[in-house]
Amino acid sequence: MPSAARPGRERSYSVASLVGVVAKRQTYKNLCYLAVAFPLGMVYSVVFLVGFGFGTILSAFGIGILLLIGTVIGSRLLARFERWLANALLSVTLETADDVRSSSTGLLATVRRYFDASSTWRGLGFLMVKFWFGFVAIVLLVVFVTALSFLTVPFRYPHTEELFRINDEPITWTIDTLPEAALAVVLGAVLGLAFFHLSNAFAYVAGRIAVALLDDSSGAEAAPTEPTD
């Protein structure tokens, strides 16, 4: 009897894990993270385009060097914000960067400390990758909008749904009967579940990238006052 009951129990668990994603709080925190990925990525792109672009062009006049240095060091503030955002919305715990040595003094020495810190360049790398997070978020948004459109068909049919385009010619589905509306709801539910699972999967990948580039677990080696285990 126990062996016969196990397959049914496993099936119930799999169904619960498949549908239960809708009720998980972390799912919606992941969605919030993805929702702000595109605007943040655009902001970072503009900052780096102006900072590195004009800094390189004006480097012959001296002010460009200052602009390049300011952009690199300023990226640490943006990386700190991204670290806070990941801790708040993703299921990760990132430590604050602590690999800037404080043994020397003076402006040039301070700038060199920030340039020597690996967290500066890892954070800069994450900010550049964040721009591409936004494109994935847009693709997922298209899936969500399509699912929502199918789910609301019973309230507005007859309705013609544009599925996709081939050579700029729309491929449409005209829904004018109740069975077709019911089928649209089923398709919308499937797409909706796919959207939630894909969003969680991408948020997991984003969290792993954040751990690799923003977590300062190696920074303790550069800080003599904090011994490692």
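Before reading on, note that the structure itself is shown above.
Predicted model, so just to flag it, every value in this text is computed and none were measured. (Residues numbered from 1 in each chain as written. Predicted model: local features only at pLDDT ≥ 70, side-chain atom pairs only at ≥ 80, totals over all residues. Heavy atoms only, no water.)

**Q** Report on the overall build of the protein, specifying residues and quantitative values.
**A** Along the backbone of the protein there are seven helices and two strands. Mapped in sequence order, the helices and strands of the protein form the string α-α-α-α-α-α-β-β-α. The buried share of the protein, reckoned over its 229 residues, is 31%. Restricting the contact set of the protein to residue pairs at least 6 apart, pairs at least 24 apart contribute 66%. In the structure as shown, the protein presents an accessible area of about 14100 Å², 69% of it carried by carbon and sulfur atoms. (Helix = DSSP H or I, 4+ residues; strand = E, 2+ residues; numbered from the N terminus. Buried < 20%, exposed > 50% of the residue type's maximum accessible area, 1.4 Å probe, protein only. Contact = heavy atoms within 4.5 Å. Areas by Shrake-Rupley, 256 points an atom, 1.4 Å probe, with all protein chains shown as cover.)

**Q** Outline a nonpolar patch on the surface, supporting the account with residue identities and numerical values.
**A** Together, Val46, Leu49, Val50, Phe54 and Leu67 line one region of the surface with nonpolar side chains, adding up to about 460 Å² of accessible area. Ranked by residue count, the leading element in the nonpolar patch is helix H3 (residues 37–57), at four residues. Relative to the helices and strands, Val46 is located in helix H3. Under the relative-accessibility criterion, Val46 is labelled partly exposed at 49%. (Patch = residues over 30% accessible without salt bridge, like charges linked within 9 Å, V, L, I, M, F, W, Y side chains within 5 Å. Salt bridge = Lys/Arg side-chain N within 4 Å of Asp/Glu carboxyl O.)

**Q** How would you sum up the nonpolar core? Please name residues and give values.
**A** In terms of nonpolar packing, the biggest core is built from 28 residues, with Tyr33, Leu90 and Phe133 touching the most fellow members. In terms of residues, this core owes the most to one element, helix H7 (residues 178–214), which gives seven residues. Once residues lying within four places of it in the same chain are set aside, the contact partners of Phe133 are Tyr33, Ala37, Phe126, Phe202, Ala206 and Ile209. Phe150, Val153, Ala181 and Ala184 belong to the second largest nonpolar core, which has five residues in total. (Core = buried A, V, L, I, M, F, W, Y, C linked by side-chain atoms within 4.5 Å.)

**Q** Kindly report on the pattern of salt bridges, identifying the contributing residues and their values.
**A** With the rule as written, the count across this model stands at one salt bridge. A salt bridge links Lys130 to Glu82, with the shortest nitrogen-to-oxygen separation between them at 2.8 Å. Of this pair, Lys130 sits in helix H6 (residues 118–151) while Glu82 sits in helix H4 (residues 63–89); the two residues are 48 residues apart in sequence, bridging distant segments of the chain. Just as Lys130 is buried, Glu82 falls in that class too.

**Q** So what about the environment of Phe38? Which residues, and what values?
**A** As for its placement among the helices and strands, Phe38 is situated in helix H3. A C-alpha to C-alpha distance of 7.0 Å links Phe38 and Ala137, two positions 99 residues apart in sequence.

**Q** So what's going on with the packing of H3 against H6? Residues and values would help.
**A** Between H3 and H6, the shortest axis-to-axis distance is 8 Å and the interhelical angle comes to 135 degrees. Considered as vectors, H3 and H6 are oriented oblique to each other. H6 is crossed by H3, and the crossing has left-handed handedness. Counting all contacts with H3, which are made through Ala37, Phe38, Leu40, Gly41, Met42, Tyr44, Ser45, Phe48 and Phe52, the residues of H6 involved are Leu124, Leu127, Met128, Lys130, Phe131, Phe133, Gly134 and Ile138. (Axes fitted to C-alpha atoms, helices over the stretch in contact; angles between N-to-C directions. Parallel < 35°, antiparallel > 145°, perpendicular 65-115°, else oblique. Left-handed = near helix turned anticlockwise from the far one by under 90°.)

**Q** An account of the packing of helix H2 (residues 25–35) against H4 is requested, with residue identities and associated values reported.
**A** Relative orientation of the contacting elements H2 and H4 amounts to 155 degrees, with a least axis distance of 9 Å. As judged from the angle between their axes, H2 and H4 are roughly antiparallel. Between H2 and H4, the contacting residues are Gln26, Lys29, Asn30, Cys32 and Tyr33 on the first element and Glu82, Leu85, Ala86, Ala88 and Leu89 on the second. Of the residues contributing to the contact of H2 with H4, the split by class is six nonpolar, two polar and two charged. (Nonpolar A, V, L, I, M, F, W, Y, C, P; charged D, E, K, R; others polar.)

**Q** An account of the side chain of Lys130 is requested, with residue identities and associated values reported.
**A** Assessed through its relative accessible area of 0%, Lys130 is described here as buried. Filtering out sequence-adjacent residues up to four positions away, Lys130 remains in contact with Tyr33, Ala37, Leu40, Gly41, Tyr44, Glu82 and Leu85.

**Q** Quick one: what's the story with the side chain of Thr27, residue by residue and with numbers?
**A** Considering the arrangement of structural elements, one finds Thr27 in helix H2. Using a relative accessible area of 2% as the deciding quantity, one classes Thr27 as buried. Within the local environment of Thr27, its side chain forms a polar contact with the side chain of Asn200, the two groups lying 3.2 Å apart. (Polar contact = N/O pair within 3.5 Å; in protein donor to acceptor, adjacent residues only side chain to side chain.)

**Q** Before we move on, can you summarise H2 with the specific residues and values?
**A** Buried within H2 are the following residues: Thr27, Asn30, Leu31, Tyr33 and Leu34. Down the axis of H2, the smallest arc covering the buried residues is 160 degrees, so these residues share one side. Seen from the buried face of H2, the exposed residues on the opposite side, beyond 90 degrees, are Arg25 and Ala35. Those residues of H2 hidden inside the fold are in contact with H3, H4, H6 and H7. (Arc of directions from axis to C-beta.)

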